[in-house]
Amino acid sequence: MSEEISRILTMVQEGKIDSDKGAQLIAVLQEKETPVFPKKQNKYLEKTLKIRVVSSENDNVNVNVPIKLVKALLKTGHSIAAGIPQSQQYVKDLDINMLIEAIENELDGNIVDIQSANGDTVKVAIE
């Protein structure tokens, strides 16, 4: 694109076109370079992490967490949990950087879908 802008500036300099026409042509070139669709990440950050647990004994859990909040609190929550002796065993093998990377790469859809023999289900999805 810089080559085209350079040609337009040369035509203005040589008097082949006036500066207003040159500005219009440059604006058209820049519009072609601007993406038509909004950034995907902005829409992605509006999504929600949904956790659903349906128990055969009717002990159901529904959790909805905005992706913005998940991303902001992952590292903080992990470091806090790692500092609590009772929870260290649960978080020591959790690769928090992998979770952050999954969010940054816009992981979408079902993440976990488990059905037990007794009818319990666990689903985790980003929607």
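Caption draft 1: Up close: the pattern of salt bridges. Enumeration according to the criterion identifies 4 salt bridges in this entry. For E3, the salt bridge goes to R7, with nearest N and O atoms at 2.7 Å. Residue E3 and its partner R7 are both found in helix α1 (residues 2–13); the two are separated by 4 residues, about one turn of the helix. Exposure remark for R7: the relative accessible area of 48% places this residue in the partly exposed category. The partner of K50 in a salt bridge is E127, with the nearest N and O atoms 3.3 Å apart. Of this pair, K50 sits in strand β1 (residues 48–54) while E127 sits in the segment after β4 (121–126), and the two are 77 residues apart along the sequence. By relative accessible area, E127 is classed as partly exposed at 49%.

Caption draft 2: Structural detail: the pairing of β1. Sheet topology note: the β1/strand β2 (residues 61–66) ladder contains 6 bridges and is antiparallel. Each bridged residue has a counterpart across the sheet, and for T48 the counterpart in β2 is P66. Hairpin connection between β1 and β2: a loop of 6 residues separates the two successive antiparallel strands, and N58 in this loop has a positive phi of roughly 70 degrees. Bridging between β1 and β4 involves 6 bridges; their strand directions are antiparallel. Following the sheet pairing, L49 is matched in β4 by I126.

Caption draft 3: Representation of a nonpolar patch on the surface within the structure. Together, L94, M98 and L99 make up a nonpolar patch on the protein surface, roughly 260 Å² of accessible area in all. In this structure, L94 sits in the loop between α5 (88–91) and α6 (96–104). The class for L94 is partly exposed, based on a relative accessible area of 40%.

Caption draft 4: Quick look at the side chain of T121. With respect to the helices, strands and loops of the structure, T121 is situated in strand β4. By relative accessible area, T121 is classed as buried at 17%. Those residues in contact with T121 that lie beyond four places of it in its chain are R52, V53, V54, I114 and Q115.

Caption draft 5: Here's a closer look at the pairing of strand β3 (residues 109–115). Note: β3 against β4, 6 bridges, orientation antiparallel. Its bridge partner lying in β4, G109 is registered against I126.

Caption draft 6: Focus on the environment of V53. Within the secondary structure, V53 sits in strand β1. With 73 residues separating them along the chain, V53 and I126 place their C-alpha atoms 15 Å apart. Among all residues touching V53, those that are not within four sequence positions of it are D59, N60, V61, T121 and V122.

Caption draft 7: Structural detail: α1. The first and last C-alpha atoms of α1 sit 16 Å apart over 12 residues, in line with the 16 Å expected at 1.5 Å per residue. Just downstream of α1 lies G15, where phi reads positive at about 85 degrees.

Caption draft 8: Representation of the environment of A117 in the model. Looking at where A117 falls in the secondary structure, it is placed in the loop between β3 and β4. Separated by 98 residues in sequence, A117 and S19 have C-alpha atoms that sit 75 Å apart.

Analysis parameters
Residues numbered from 1 in each chain as written. Predicted model: local features only at pLDDT ≥ 70, side-chain atom pairs only at ≥ 80, totals over all residues. Heavy atoms only, no water. Salt bridge = Lys/Arg side-chain N within 4 Å of Asp/Glu carboxyl O. Helix = DSSP H or I, 4+ residues; strand = E, 2+ residues; numbered from the N terminus. Buried < 20%, exposed > 50% of the residue type's maximum accessible area, 1.4 Å probe, protein only. Pairing = 2+ DSSP bridges. Patch = residues over 30% accessible without salt bridge, like charges linked within 9 Å, V, L, I, M, F, W, Y side chains within 5 Å. Areas by Shrake-Rupley, 256 points an atom, 1.4 Å probe, with all protein chains shown as cover. Contact = heavy atoms within 4.5 Å. Expected span 1.5 Å × (residues − 1).

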